[in-house]
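# Coordinates in review
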Amino acid sequence: MKKVYILGGAQTDFERNWTKEGKGVIALLKEVVFSALNNTNISLEEIKNLNKKNKIAIFIGNFCAEYYIQQGHLGPLLTEVSDVFYGIPSARYEAACASGSVAIDAAMTKIKAGDYDIALVIGWELMKTVDSKICGDYLGRAAFYEKEAKGIEFPFPKLFGKLADEYVKKYKLDENRYKRNLAKISSINYENAKRNPNAQTRKWFMNEKQANSRGEATNEEIGNMLSISDCSQVTDGAAAVILASEDYVNANNIKDKPYIKGYGHRVAPYLFDKKIQESKNDEYILPWTRQAIVDAYNRAELTVDDIDVFETHDCFTSSEYAAISCFGITDPGKEYEAIENGDISFNGKKPINPSGGLIGCGHPVGASGVRMMLDLYKQVTNTAGEYQVKNVINAMMLNIGGSATTNYSYIVGKESIK
Amino acid sequence: MDIKTVAVVGANGTLGVGVSAIFASFGDAKVYMVSRTLEKSNQAIIKAGKSVKANSIIDNMVAKDYSEIEECIKESDLIIETIAEELNAKKQIHETINKYMKNTAIASSITSGISINELSKCYNEENKKRFMGIHFFNPPYNMLLCELIPSKYTDKNVENDVKEYLEKKLIRKVIKVKDGPGFLANRIGFQFINQAMQYADEYKNQGGIDYIDTILGAFTGRNMSPIATADFVGLDVHKAIVDNIYANTNDYLHESFKLPHYVNKLIERGKIGAKVDDGLYKYSGSLVYDIKNDEYREIRKYDIPFIDKVIENFKVGDYKEGINVIIKDKSSEAKICRNLLVSYIIYSISISKQIAENKTDCDIAMAEGFNWIPPYSLIELIGKENCKEIALNELKYSKSKVKEIFDEDIAAKYRYEKFMKAKR
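Residues numbered from 1 in each chain as written. Chains lettered and ligands numbered in written order. Predicted model: local features only at pLDDT ≥ 70, side-chain atom pairs only at ≥ 80, totals over all residues.

## Examining the overall build of chain A
Looking only at helices and strands, chain A features 16 helices and eleven strands. The C-alpha radius of gyration computed for chain A amounts to 20 Å, which stays within 12% of the reference 22 Å derived for 418 residues, consistent with globular compactness. Each principal axis of the C-alpha atoms in chain A carries an extent, and together these give about 60 × 45 × 40 Å. Relative to its full complement of 418 residues, chain A shows a buried share of 58%. (Helix = DSSP H or I, 4+ residues; strand = E, 2+ residues; numbered from the N terminus. Rg over C-alpha atoms; globule rule 2.2 N^0.38 Å. Buried ≥ 20, exposed ≤ 12 C-beta atoms within 10 Å, placed from the backbone.)

## Some points on the interface of chain A and chain B
Taken together, the contacts link 19 residues of chain A with 20 residues of chain B. Put simply, the parts of the chain that give the side of chain A that touches chain B at least two residues each are helix H1 (25-40) and helix H9 (208-211) of chain A. For the side of chain A that touches chain B, the per-class residue count stands at four nonpolar, five polar and ten charged. (Contact = placed C-beta atoms within 7 Å. Nonpolar A, V, L, I, M, F, W, Y, C, P; charged D, E, K, R; others polar.)

## Considerations on the confidence of the model for chain B
In the predicted model, chain B carries a mean pLDDT of 97, and 100% of its residues have values of at least 70. With a pTM of 0.97, the predicted complex shows an ipTM of 0.96. (pLDDT = per-residue confidence, 0-100.)

## Describing unusual backbone geometry
Residues and elements named next belong to chain B. For the bond from Asn138 to Pro139, the omega torsion is -15°, close enough to zero to count as cis. Checked against the element boundaries, Pro139 lands in the loop between strand E6 (131-136) and strand E7 (145-150). Phi at Asn371 takes a positive value of approximately 60°, unusual for a residue other than glycine. Its location among the elements puts Asn371 in the loop between helix H16 (361-369) and helix H17 (375-382). On the neighbour-count criterion, Asn371 (17 C-beta atoms within 10 Å) is partly exposed.

## Description of the environment of Ser132 of chain A
Residues and elements named next belong to chain A. Along the chain, the position of Ser132 falls in helix H5 (residues 132-139). What makes Ser132 exposed here is the crowd of 12 C-beta atoms within 10 Å. Put simply, Ser132 and Leu77 are 55 residues apart on the chain and 26 Å apart in space, counted from C-alpha to C-alpha.

## Things to note about the packing of helix H10 (residues 226-233) of chain B against helix H11 (residues 235-248) of chain B
All names here are of chain B. At a closest axis distance of 5 Å, the pairing of H10 and H11 adopts a crossing angle of 105°. With respect to each other, H10 and H11 are oriented roughly perpendicular. Here H10 contributes Ala230, Asp231 and Val233 to the contact with H11, which in turn contributes Leu235, Val237 and His238. Looking at the contact of H10 with H11 residue by residue, the classes come out as four nonpolar, one polar and one charged. (Axes fitted to C-alpha atoms, helices over the stretch in contact; angles between N-to-C directions. Parallel < 35°, antiparallel > 145°, perpendicular 65-115°, else oblique.)

## Looking at the sheet that holds strand E11 (residues 295-298) of chain B
Residues and elements named next belong to chain B. Pairing is antiparallel in the open sheet, where three strands are placed in the order E9-E10-E11. Among the strands making up the open sheet, the edge pair consists of strand E9 (281-282) and E11. As defined by bridge partners, E9 adjoins strand E10 (residues 287-290) across two bridges and the pair is classed as antiparallel. Looking at the pairing, Lys282 lines up with Leu287 of E10. (Pairing = 2+ DSSP bridges.)

## Considerations on the pairing of strand E10 (residues 394-401) of chain A
Residue and element names in this part refer to chain A. With respect to burial, E10 is a largely interior element, eight of its eight residues being buried. By the bridge criterion, three bridges tie strand E9 (residues 309-311) to E10 in an arrangement that is parallel. From the neighbouring strand, Phe310 faces E10, where its bridge partner is Met396. Alignment of E10 against strand E11 (residues 406-413), held across eight bridges, turns out to be antiparallel. Looking across to E11, one finds that Leu398 is bridged to Ser409.

## Focus: H10 of chain B
All names here are of chain B. Taken across its eight residues, H10 has seven buried, putting it largely inside the fold. Within the span of H10, buried status applies to Pro226, Ile227, Ala228, Thr229, Ala230, Asp231 and Val233. Gly234, located one to two residues past H10, shows a positive phi value of around 105°.

## Some remarks on the packing of helix H8 (residues 175-193) of chain A against helix H13 (residues 317-326) of chain A
Residue and element names in this part refer to chain A. H13 packs onto H8 with a crossing angle of 100° between their chain directions and a minimal axis gap of 9 Å. Looking at the two axes, H8 sits roughly perpendicular to H13. On H13, the residues touching Asn181, Leu182, Ile185 and Ser186 of H8 are Thr317, Ser318, Glu320 and Tyr321. Split into classes, the residues belonging to the contact of H8 with H13 amount to three nonpolar, four polar and one charged.

## Concerning helix H16 (residues 368-380) of chain A
Helical periodicity: at 3.6 residues per turn, an α-helix aligns residues three or four positions apart in one direction. Residue and element names in this part refer to chain A. If you check H16, its first and last C-alpha atoms are 18 Å apart, about what 13 residues at 1.5 Å a residue would give, namely 18 Å. Burial runs high along H16: 13 of the 13 residues are buried. One or two steps after H16, the chain reaches Asn382, where phi turns positive at roughly 60°. (Expected span 1.5 Å × (residues − 1).)

Structural data, given as structure tokens:
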């Protein structure tokens, strides 16, 4: 099978509130698309040529613009960005918070099939059009709305709070130690975000003590064990990556670009309670999340030992906690080891989320999968600036939708080194 | 540099609270908050926790009054004076600091009006080396700018250590500036604001204050129009800053620092701005002061077509097209707008060259201290040739001045997009 390369991309500054700036989706897309083209040196002329040959397509990841900005039919929006996009096949892909990953998957598949040489993948979400309670209700549509979200205030913190409860129960963890571990995860993500010039929280204050002050007025409890410091934020933003076929890379003499070495995509039972029921006798609490990662390792013919940096879906600290063993960094139930011994810290052996992750960098839901892929690209090509991890050859991401219902994993790495 | 204990003298003022919170949170330092009464200090501690949205830092702060100032100074690695802008009162504090500070401690003042060299006279030969101005901006949690102002005696190594501490530990954006009225950011920012106030006077027949604020609205690269900004800062504070600059500098825009008569009149009547909900605007009633008729009236929504065209373009991310409307539109309003923008660029760079380390430091000053479009980003947006043309033909600058400002190609550090709002 031929390889799918990543040529580069761009993300918007996740600190920005586009509603407050008075701007909408076209401004957002214009900025991210032209930044991505600029980053990859792809000219408008080149896009026209590719379009003439029917060798370029556009893949949009977005969760629920229908609610946030009253806009559906998102594929053709780029025709409003520039007439250079007239005629280019373009459609929207949706899998809740994993919408970006499913868009990447579609793009990668079409390139592998030989249909297209260049795929422009854009993930975006504008969420600050509504207040946090309404936002929470909209996000509830990523759960089984009727049973898990309807009429419930902030359904997702509650679902991931349940995950925390189940974790403590299943592995007989000391609850206070577990909560301290979650606080550590939060403060690492905030600290990492300080190095990322596009991170939403780069100016915010958070440390372990504050993250451990759950129940205080400045760190309210929101879902069982979880408090505000355990949650990712409501974010506006977009991210884009440009994928290319092996033929295109060779024909244009493009050197030193990483490629997608493997992926995994698994879907777990929709309802959270059924997830727990199903995994009762499994060593993993989220076996399908683990399986998506195992699939990626198998397809890439790599193991956890080959991965130098991870980007994970820390929509809540409890989801990052679970990801540690799913990645294979520790055995399930032993995640605390990697947190307490510093392995997942920026300078640790297996750094997770040097970007700051969803908690630190921000979580515009439809953009997150693409943002993670862009960060893997940056880490592997040594272009992550101040948040560059040393000596990265392979990088892995985990992007989930709902309560770990859709699970996507990718491995990105350098050429010719296993 | 290890700063474990900080004393903030004058801790109950707005800046005192904000700065204490930064040291107690990012700095994780023990902060002695010294104000006139323990009650005030205790209130300041609560406010400080709120200002960084983290009550966990409250344990790091200790309420003190002036009866215990000696002990606080003796124990501190860094002492910050942030009392009211009165020379004699400040001198008294600095003499006390000089008397009790450790021989490794750093002493500083957050003044925006008083000369650092003047205050340094309060220190003995050794302590002089460890005294400097550290100018924070309000509110410090959101505004990252820190102006570092060494006196002529400040030790270079100490200065660099403090800079590194502010940048690394407190995540501040630090620029080193020479001692002088208003330093860099306020000199540039308040020039623009005061000039807008003068224009309001000149155009009082057209509507005055809200007319000029509309022309220089959010779409010109800021969150809030300039004259409304003065109202929020407080007209008394505004007056203190521009009067000081007017009295002690003499640059080519000297007259633009002269406070308009109508502002003085309002201050005399106690109408000092948003903090008393009565100033140039009255926010509760959406009223504005009408200079011509000396009375308040409803804020007008002016029919100025060029502004709508600019906003329409910015809304969809067409920044160049939007700015071109400002450059090319024939209305007198568009002319005022582009002239003040280009004048802002030229003044920023001129002053930056004089008092900062790099002429591009004005970008950091305006982005991080005011949240305004940085001058070099604005050049990139307007285009150098357009800037030159406006400067020569409309603002009547000399060819040599225009050459001096615009001839070198400098890449802007900040992208302009986020500053240019699609709003009035």
